Amino acid sequence: MIFRLENQELNSYLVCEIEAHDQVDPVSMQMLTNNSKITGLAPLLFTQMDDKKYVKYNISSKITAEMYLQGVVTRKKLLNLLSGILAGMASVDEYMIDLGAVILDPRYIFVDNKTGETNLICLPFVSRPFESDDFQGFLRDMISILQFNTDENCDYVAKLLTYLNGADQISLSDFKNLIITLSNETGEAPVRAAAPARKEVPAAKVSGTGVIVGVPSTPKAPEASKAQPAASRPSREVPPAKSEAAPAQGSAPQAAVSSDPSEKKIGLFYVLMHYSKDNMAKYKAQKNDPAFQKQPKEKKVKEKKNGSMKKNSTELFDIPGVDRADTITGISSEAEIPAPRAEKAAAAPVSGGNVVAASANKAVQNAQPKQEASTSSSANFGETTVLGVYSSAGETTVLSGGYNNAVKSCVLVRRKNRERVVINKPSFRIGKERSCVDYFIGDNAAISRSHSTINQKQGDYYLSDTNSTNHTYLNGRMLISSEEVKLASGDVIAFADDEFDVEITG
Amino acid sequence: MNYLISALTDIGLTKDTNQDAYSIRAYKSSIGSVVFAILCDGMGGLSRGEVASATVVAAFNRWADNELAGLIKKGLTENSIRNDWGRLVTEYNQKIKAYGSQCGVSLGTTLTAILLTDSRYYIINVGDTRAYEIAGDLAVLTKDQTLVSREVELGRLTPEQAETDPRRSVLLQCIGASETVVPEFVFGDVKLNAVYMLCSDGFRHEITEDEIYEKLSPYSFNDVDQLRQNMQILIDRNKERQERDNITVVSIKTF
């Protein structure tokens, strides 16, 4: 299958060309094409031109989940997306389509930015069987690289990750209930209503808001969903940040077992929703019964979760769990992300494994002026361990650094004064506006308030200019506005006239 | 080009009416998405300021609805904008003046409007409402047409003195109350990941440029909700600092 994007007048479509080796599942195809609006799925239609066959998904006015989750993510946004994904999965099963036919990739999940409505892409092909592990892994991977809004209480993230890490096979209804509970904690419903884009001549307090979105950039063909889970088990129970009673798991009782669909094929989703030994046995029996068999696709070898720390994503993310209620308001949320990640690591309530990002090694670095109230926050938490500290034999500990050792570290050395700047965030900002940069240059007027950003992607470091007045240069060449260039050790970066040498190790 | 758009207005602490008027229109055109935003700050006792500002906003909106497409088809140029908008300003200056003398009153309005396309922005300005470009830095794109800013230009006042001078709100010209009106036009290249902001003077007397940047820079919000929150914070701050006038801010982020 080949994917591409197509625009027709006001509509946008994701077009999948069906190739000779793709095996179409006629039942799924029927289900998907005959039902024009299935909740949670992108509407599709089948077309044929000469001997080329296509399936077109209507994704008008939508952005990819990847784009939706860019930048700082709020609780509302994430919970919204998760409940949208679950709703889509529920629909798939309801229509007796194999859950494995859904593309679990944030580049192929579409969200309406205004309404929050989520659409999954369900392929009408014979697919490989759905594995709960894959789903958990996909969710974990997606959540773990996000930057969360630290103005909010980020407990919910810890609860989500705990839940995803917790069981061997998660129950989708439990997960859905968890999300509902988390949404209700702030009294907000997951999906928000659309806002109109035009307002005129107001009286007292009026506001107008809206978003206009162009066409998302053409995606590459989706890689087969990663089978390796970012596995981790917390090595010790760490009490949650707030004094809430029950832990995240099992926050809602499981739905009661209902009717038993004897003849029809039992979907995995059904089993998860109505778990009982009988159902499980039936499902397993059907799995082995040739009458219910699907064509097996290539199997992926998966690493078993065994408590050892393996994280394949090399990207860092903010560690939630800091209560910001008593910090100064009115300061932009980005500013609140404190520099010393070691502190946040110590404060992390649960799933200590995943929350590795702040290696204790990379403790407090560079000229970060915004210590503010963050130092007091670690006092709120009970017993926590600092990552990277080995305890005596007999106790399970977390590997130091904690993530894939192939991660390189990047340091900028300022020529003016030999100052060392460690790039310790996935999106590292440089400029002279204290409240929204990670490295503040205060003694050079030629630097803009937001001058440049260094982004980490898959272990590499990329420099880009953020509309600075006096520009950003790499090895003497000026960067243009949307350009991202990869950094290598020995490069020389200039922010206006301020030069820095790049050191990349690892 | 994609846009995140939000706007807020507040009657302020002491006024009986809100004489600021604004409008934002977004269109899909043959040259991509375009946004037309306009802000007018009316003046004149009772509700006359409201009439003046609303009238000019409505007139420009009619132009946008009816003429803009044609202009784009022929090829949008600085000259065509100067002609159309200049014509409107002259026409409404006369109309509002006539209305005023009919009623025996004096009324007028400022005007700041911006047309954003994929590549260029086109701005018209009369009075002391402002247009800002907030990207890597914060830049005020328009020049205030006030008495004190002229004094500053002539070297007779420093900018700091101008801010606290009692005549700081005295305009050199405004639509409806001047003999003739000569608008300022500003044209430039649209930046990606930048915020174009229009505001009335009530929004920017009591807060600093740093504070504006902190809340409205393209890196300080990710969606309309956050943008609106940030704008509200700035409005509230103005009121805490006893700003008395109506306060309006319109923000458009390109991405």
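Residues numbered from 1 in each chain as written. Chains lettered and ligands numbered in written order. Predicted model: local features only at pLDDT ≥ 70, side-chain atom pairs only at ≥ 80, totals over all residues.

This brings us to the overall build of chain A. When its secondary structure is counted, chain A shows 10 helices and 21 strands. Each of the 506 residues in chain A was classed as buried or not, and the buried ones make up 42%. Put simply, 69% of the contacts in chain A that link residues at least 6 apart link residues at least 24 apart. (Helix = DSSP H or I, 4+ residues; strand = E, 2+ residues; numbered from the N terminus. Buried ≥ 20, exposed ≤ 12 C-beta atoms within 10 Å, placed from the backbone. Contact = placed C-beta atoms within 7 Å.)

Now for the environment of B:Trp85. Residues and elements named next belong to chain B. Among the secondary structure elements, tryptophan 85 is positioned in helix H3 (residues 78-103). Classification of tryptophan 85 by C-beta neighbours within 10 Å gives buried; the count is 20. C-alpha separation for the pair tryptophan 85 and alanine 113, spaced 28 residues apart in sequence, amounts to 9.7 Å.

All names here are of chain A. If you trace the 6 strands from one edge of the open sheet to the other, you get S12-S11-S21-S20-S17-S18, paired in antiparallel fashion. With partners counted over all chains shown, the strands left at the sheet margins are strand S12 (420-422) and strand S18 (477-478), one partner each. Note: strand S11 (residues 409-414) against strand S21 (residues 498-505), 6 bridges, orientation antiparallel. Residue pairing for S21: valine 413 is matched across the bridge by aspartate 501. (Pairing = 2+ DSSP bridges.)

Residue and element names in this part refer to chain B. For the pair helix H1 (residues 48-66) and H3, interaxial distance at closest approach is 11 Å and the crossing angle is 145°. At the point where H1 passes H3, the crossing takes the right-handed sense. Residues Ala52, Thr55, Val56, Ala59, Phe60 and Trp63 of H1 form the contact with H3, whose own contacting residues are Asp84, Leu88, Tyr92 and Ile96. Across the contact of H1 with H3, the residue classes tally to 8 nonpolar, 1 polar and 1 charged. (Axes fitted to C-alpha atoms, helices over the stretch in contact; angles between N-to-C directions. Left-handed = near helix turned anticlockwise from the far one by under 90°. Nonpolar A, V, L, I, M, F, W, Y, C, P; charged D, E, K, R; others polar.)

This part is about the nonpolar core. The biggest cluster of nonpolar side chains holds 69 residues, and the ones touching the most others in it are B:Ala37, B:Ile114 and B:Met197. It is strand S3 (residues 32-43) of chain B that contributes the most residues to this core, 8 residues altogether. Look past the residues within four positions of B:Met197 in its chain and what remains in contact with it is B:Tyr132, B:Ile134, B:Leu216, B:Val249, B:Val250 and B:Ser251. Grouped together as the second largest cluster of nonpolar side chains are 62 residues, A:Ala42, A:Leu99, A:Phe138 and A:Phe148 included. (Core = buried A, V, L, I, M, F, W, Y, C linked by C-beta atoms within 7 Å.)

Turning our attention to the pairing of strand S16 (residues 460-465) of chain A. All names here are of chain A. Burial of the side chains of S16 is restricted to one face: Tyr461, Leu463 and Asp465 are buried, whereas none of Asp460, Tyr462 and Ser464 on the reverse face is. By the bridge criterion, 6 bridges tie strand S15 (residues 452-457) to S16 in an arrangement that is antiparallel. Bridge assignment links glutamine 456 to a residue of S16, and that residue is tyrosine 461. Between S15 and S16, which pair antiparallel and follow one another directly, the connecting turn spans 2 residues, one of which, glutamine 458, has a positive phi of 50°. One ladder, built from 2 bridges, connects S16 with strand S19 (residues 485-486); its direction is antiparallel. For tyrosine 462, the partnering residue across the bridge sits in S19 and is lysine 486.

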